[in-house]
Amino acid sequence: MNFSLDQIAAFVSTVEEGSFKSAAIKLNKHSTTVSNKWHR
């Protein structure tokens, strides 16, 4: 299984921040974009 850098960044940010919304703010992305990275 291969993961993109965007997927890894979304995962790490979500774990660090504790929510998709906080991770999205940190990554300057929409929260659905961050959560969708997890489903791939």
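Because the structure is a prediction, the values reported are computed rather than measured.

J.: Kindly report on the packing of helix α1 (residues 5–17) against helix α2 (residues 20–27), identifying the contributing residues and their values.
T.: Contact pair α1 / α2: the axes reach a minimum separation of 8 Å and the direction vectors enclose 120 degrees. Between α1 and α2, the interaxial angle falls into the category oblique. The handedness of the crossing between α1 and α2 is right-handed. Contacts from Ala 9, Ala 10, Ser 13, Thr 14, Glu 16 and Glu 17 of α1 reach α2 at Phe 20, Ser 22, Ala 23, Lys 26 and Leu 27. Its residues assigned to classes, the contact of α1 with α2 comprises five nonpolar, three polar and three charged.

J.: Residue-level account of the pattern of salt bridges, with values.
T.: Counting across every chain of the model gives two salt bridges. Among the ionic pairs, Lys 26 bridges to Glu 16, the shortest N-O distance being 2.6 Å. Here Lys 26 is found in helix α2, whereas its partner Glu 16 is found in helix α1, with 10 residues between them in sequence. Residue classification places Lys 26 among the partly exposed residues on the basis of a relative accessible area of 46%. For Lys 26, the salt bridge identified is with Glu 17, shortest N-O distance 3.8 Å. A single network of salt bridges, built from pairs that share partners, joins Glu 16, Glu 17 and Lys 26.

Rules behind the numbers
Residues numbered from 1 in each chain as written. Predicted model: local features only at pLDDT ≥ 70, side-chain atom pairs only at ≥ 80, totals over all residues. Heavy atoms only, no water. Axes fitted to C-alpha atoms, helices over the stretch in contact; angles between N-to-C directions. Helix = DSSP H or I, 4+ residues; strand = E, 2+ residues; numbered from the N terminus. Parallel < 35°, antiparallel > 145°, perpendicular 65-115°, else oblique. Left-handed = near helix turned anticlockwise from the far one by under 90°. Contact = heavy atoms within 4.5 Å. Nonpolar A, V, L, I, M, F, W, Y, C, P; charged D, E, K, R; others polar. Salt bridge = Lys/Arg side-chain N within 4 Å of Asp/Glu carboxyl O. Buried < 20%, exposed > 50% of the residue type's maximum accessible area, 1.4 Å probe, protein only.

Note that every value here comes from positions in space, so none of it alone points to a role or purpose.
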